[in-house]
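Read off the chains here:
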Amino acid sequence: MINRKKTQRLYREEGLMVRRRRNRRRAIGARAPAPVLALPNQRWSLDFVHDQMASGRRFRVLNIVDDVTRECLRAVPDTSISGRRVVRELSDLIEERGRPGMIVSDNGTELTSNAVLAWCGEVGVEWHYIAPGKPMQNGYVESFNGRMRDELLNETLFLDLDHARTVIAAWAEDCNQSRPHSALGYETPAAFAAELHKQWPAQLRPSGSAAQAIAYTALMRNKAAGL
């Protein structure tokens, strides 16, 4: 067995040196969805939030948010939500509101399932997966989840699943209809969405004024270069 000091001496005598690994160069580019027009249905975000009932049985809530209007489009509580259930909820939502320009989510197993991938191809919806470990790239629904956690889930003892569904639906409706949002000029999401609907014809004309982007891509810093 050769110890470390003898190994270092032999390397010096032979003029050898250990090859140093270079820092991996990180590309400067988009790691988030591109900007979208300030119109409803341009981009939806979805994610799960978890809680438990008084009996100790755990459940999860599938939240779907319109990134432009900040509306909660769906808040679906259940003990199990598979990829097929996600597809079913999205299909029902499209029947009500029309098809979104893009859907954003993390890389959870339900959201990367064959059911979801096949549905995207059939419906023609672009599905953007955020970079692993970068929840800030899905910031709109993450912010909504945090608000739901603080204001509702942490403050409510759910007796059973029916109770959870009733309370969560009422809270989501209140968020959409009654609560002003600072990012929307202190309008409620429902009122902001209604105002945007009135502006659609002017914004969609090529000669119309430029529509405002509501989200921008972030550059990744090159740590090796110290930029």
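For the structure, check the block above.
In this text the structure is predicted, and so the values were computed from the model without any measurement.

*Asks:* Any details on the nonpolar core? Residues and values, ideally.
*Replies:* Judged by nonpolar contacts, the single largest core of 20 residues is most densely connected at Leu90, Trp119 and Trp127. Those elements giving two or more residues to this core turn out to be strand E1 (44–52), strand E2 (58–66), strand E3 (72–78), helix H2 (83–97) and helix H3 (114–123). Ranked by residues supplied to this core, first place goes to H2 with five residues.

*Asks:* Hey, could you go over the sheet that holds E2 for me, with residue numbers and the actual values?
*Replies:* Pairing in this open sheet of five strands is mixed, and the strands run E3-E2-E1-E4-E5 from one edge to the other. The outermost strands of the open sheet, each flanked by one partner alone, are E3 and strand E5 (126–129). Averaged over neighbouring strand pairs, the angle between their axes works out to 25° when direction is ignored. The sheet contact formed by E2 and E3 spans six bridges and is antiparallel. The partner of Val61 across the bridge, within E3, is Pro77. Relative to E3, H2 is tilted by about 150°, and along the sheet it contacts E1, E2, E3, strand E4 (102–105) and E5.

*Asks:* Explain H2 to me, and be specific about the residues and the numbers.
*Replies:* Counted at 1.5 Å a residue, the expected span for H2 with its 15 residues is 21 Å, and the 21 Å between its end C-alpha atoms agrees. Within H2, burial applies to Gly83, Arg85, Val86, Val87, Glu89, Leu90, Leu93 and Ile94. Looking at the packing, one finds that the buried side of H2 touches E1, E2, E3, E4, H3 and E5. Following H2 by one or two positions, Gly98 has its phi on the positive side, about 95°.

*Asks:* Describe in detail the environment of Asp47, supporting the description with residues and values.
*Replies:* Tracing the backbone through its elements, the reader meets Asp47 in strand E1. Look at Asp47 and you get buried, because its relative accessible area is 7%. Sequence separation between Asp47 and Glu142 is 95 residues, and the spatial gap between their C-alpha atoms is 7.4 Å. If sequence neighbours within four positions are ignored, Asp47 has contacts with Val61, Leu62, Asn63, Asp106, Asn138, Val141, Glu142 and Asn145. Only 3.3 Å separates the side chain of Asp47 from the side chain of Asn145, close enough to count as a polar contact.

*Asks:* Explain the pattern of salt bridges to me, and be specific about the residues and the numbers.
*Replies:* Within this structure, the stated rule accounts for 13 salt bridges. In this structure, the salt-bridge partner of Glu110 is Arg60, at a minimum N-O distance of 2.7 Å. With a gap of 50 residues between them, Glu110 in the loop between E4 and H3 and Arg60 in strand E2 connect regions that are remote in the sequence. Across the pair, exposure class does not vary: Glu110 and Arg60 are buried alike. Between Glu89 and Arg74 there is a salt bridge whose closest N-O contact spans 3.4 Å.

*Asks:* If you had to explain the packing of aromatic side chains to someone new, which residues and values would you point to?
*Replies:* On inspection of all chains with the given rule, the structure shows three aromatic pairs. Judged by centre distance (5.6 Å) and plane angle (90°), the ring pair of Phe59 and Phe158 falls under edge-to-face. Of the two residues, Phe59 sits in strand E2 while Phe158 sits in the loop between helix H4 (139–151) and helix H5 (161–177), which places them 99 residues apart along the sequence. The lysine or arginine in question, Arg60, covers the ring of Phe48, its NZ or CZ lying 4.0 Å from the ring centre.

Rules used in this analysis
- Residues numbered from 1 in each chain as written.
- Predicted model: local features only at pLDDT ≥ 70, side-chain atom pairs only at ≥ 80, totals over all residues.
- Heavy atoms only, no water.
- Core = buried A, V, L, I, M, F, W, Y, C linked by side-chain atoms within 4.5 Å.
- Buried < 20%, exposed > 50% of the residue type's maximum accessible area, 1.4 Å probe, protein only.
- Helix = DSSP H or I, 4+ residues; strand = E, 2+ residues; numbered from the N terminus.
- Pairing = 2+ DSSP bridges.
- Axes fitted to C-alpha atoms, helices over the stretch in contact; angles between N-to-C directions.
- Contact = heavy atoms within 4.5 Å.
- Expected span 1.5 Å × (residues − 1).
- Polar contact = N/O pair within 3.5 Å; in protein donor to acceptor, adjacent residues only side chain to side chain.
- Salt bridge = Lys/Arg side-chain N within 4 Å of Asp/Glu carboxyl O.
- Phe/Tyr/Trp six-rings, centres within 6.5 Å; stacked < 30°, edge-to-face > 60°.
- Lys NZ or Arg CZ within 6 Å of the ring centre and 35° of its normal.

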